[in-house]
Amino acid sequence: MRVLHVEVGGSYGGSLRALETYLRYCDRSAMEHAVLLYYPTPGAERLAELVEVRTLFDHTPRRIREDVPGSLRMRLGRSALMGYIRPWRQLWGQIPSLAALGRAFSGVDPDLVHVNNTFPYQAATMLAARVARIPVLAHVRNPVEATAFNRRLARLARSLVAVNRGLACEIAGWRPAVPVHTCHDGSETPAVDAGASEELRRDFIGSGAILAGSLGRLDAQKGYEGLIEAARLVCAAHPGVRFAIAGEGPLRNRLQARIESLGLAAKVRLCGFRADPANFLAALDLFVCSSVYEGGPLVLAEAMALRKPVVSTAVGFVSELVQDPAAGVVVPCGDTRAMAAAILGLLDPPADRACGLERARLAALRLCDPVAAARRLDECFCESVRMRPAAGRIRTHAA
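Residues numbered from 1 in each chain as written. Predicted model: local features only at pLDDT ≥ 70, side-chain atom pairs only at ≥ 80, totals over all residues. Heavy atoms only, no water.

**Digging into helix α13 (residues 298-305)**
The buried fraction of α13 is high, at six of eight residues. Along α13, the residues classified as buried are Val-299, Leu-300, Ala-301, Ala-303, Met-304 and Ala-305. Those residues of α13 that are buried are in contact with β8 (210-215), α12 (277-283), β11 (286-289), β12 (310-313), α14 (318-321) and α16 (353-367). (Buried < 20%, exposed > 50% of the residue type's maximum accessible area, 1.4 Å probe, protein only. Helix = DSSP H or I, 4+ residues; strand = E, 2+ residues; numbered from the N terminus. Contact = heavy atoms within 4.5 Å.)

Okay, structure coming up:
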């Protein structure tokens, strides 16, 4: 059986990292794999070491010019009508991709197309596969709005795979008439250079005594403005705490300005992109996830695998993973006071902290075990090829 994994690409984000981990641990005796990227993607050479990688376009196409005046477009953009029209208009803009996708499918001749992004990002892939009569397994990595467009698109898949149980239940609630599986993404146990990690810690901690931090792209999804506000409250109550945020993104200047306006320049540091995320995580005393939404987040599991106490918003699979109060606390999204209180509460370790961190480490390794995760996804691929095109009643699987 030959599986073609299709990814928009352009940047090497979480969905591609998850695919890379899967390809490292999947059962090669049962399936052949190839990857098709819409756009050239820095870092794709890591995939090319594992499987054949093709690229659909040699550059990112220019956006199609809007056909309404700018002022009218701004008013429409906030309307319910535009919310209905937008995905159809975006799909119209992807029409040129359909022929290119058809040619790519013919060149690979797959038995199954795997839409690796959350499926609304690849409406053209779903349609092209339907035209070519190739079954599709589509991923759900982030929350998806239950619009008429997305419901119809979901029905083009042979089956759907969500990366946590909450997402699977939400999609199953649409009654898409196809199986909805739960397959957590796999995560490899981070390899740490103890010397490099200690050097990072000395650099970040300055005159402080405790280092809390987070790691992720600097965009609205990660909720870092809320984390900075929580840091203000924590530092006011406990002056020895320092914060480090690793990552780059479009909000860097805005976040830096906020740090400076709150007088936190000496206590909260934006560290930029880190090529050694494991060393960064190992340097922390406490990991904080402030995201507004997530499929995982895998970085939280990686921090727990390194025996770091964690504070996280209630996103993704966090409620499945953070269950020991000695090792982690879950807070509501957007509640900066609750986040600050949780951080302060973890600064004074209880007597059973070591046991709690070990239990949390084992829970993270079980939930995100890369071998088990790859086997579950292998089973979903095989089932999608075997099953009949018209699925029966809705089923949900915690595979």
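Still more ground to cover, so stick around.
**Comments concerning the pattern of salt bridges**
Inspection of every chain in the model, using the stated rule, returns 20 salt bridges. With a shortest N-O distance of 2.6 Å, Lys-222 and Glu-294 are connected by a salt bridge. Here Lys-222, found in the loop between β8 and α10 (224-237), pairs with Glu-294, found in the loop between β11 and α13; they are 72 residues apart in sequence, far enough to count as distant. With respect to class, Lys-222 is no different from Glu-294; both count as buried. For Arg-232, the salt bridge goes to Glu-229, with nearest N and O atoms at 2.5 Å. Pair noted here: Arg-232 and Glu-229 are both in helix α10, with a separation of three residues, about one helical turn. (Salt bridge = Lys/Arg side-chain N within 4 Å of Asp/Glu carboxyl O.)

**Considering the confidence of the model for the chain**
It should be kept in mind that the predicted coordinates are not to be read in detail where pLDDT is low. Here the chain shows a mean pLDDT of 88. Residues at 70 or above account for 90%. The model gives residues 63-78 a pLDDT under 50, and that stretch makes seven contacts with residues more than four places away or in other chains. Predicted confidence for residues 390-399 stays below pLDDT 50, and this span has 25 contacts to residues more than four positions away or in other chains. (pLDDT = per-residue confidence, 0-100.)

**Examining the side chain of Thr-313**
Take Thr-313: it is sitting in strand β12. Residue class for Thr-313 comes out buried when judged on its relative accessible area of 1%. With sequence-adjacent residues up to four places away left out, Thr-313 is seen in contact with Cys-289, Ser-290, Ser-291, Val-318, Val-330, Val-331, Pro-332, Cys-333 and Met-339.

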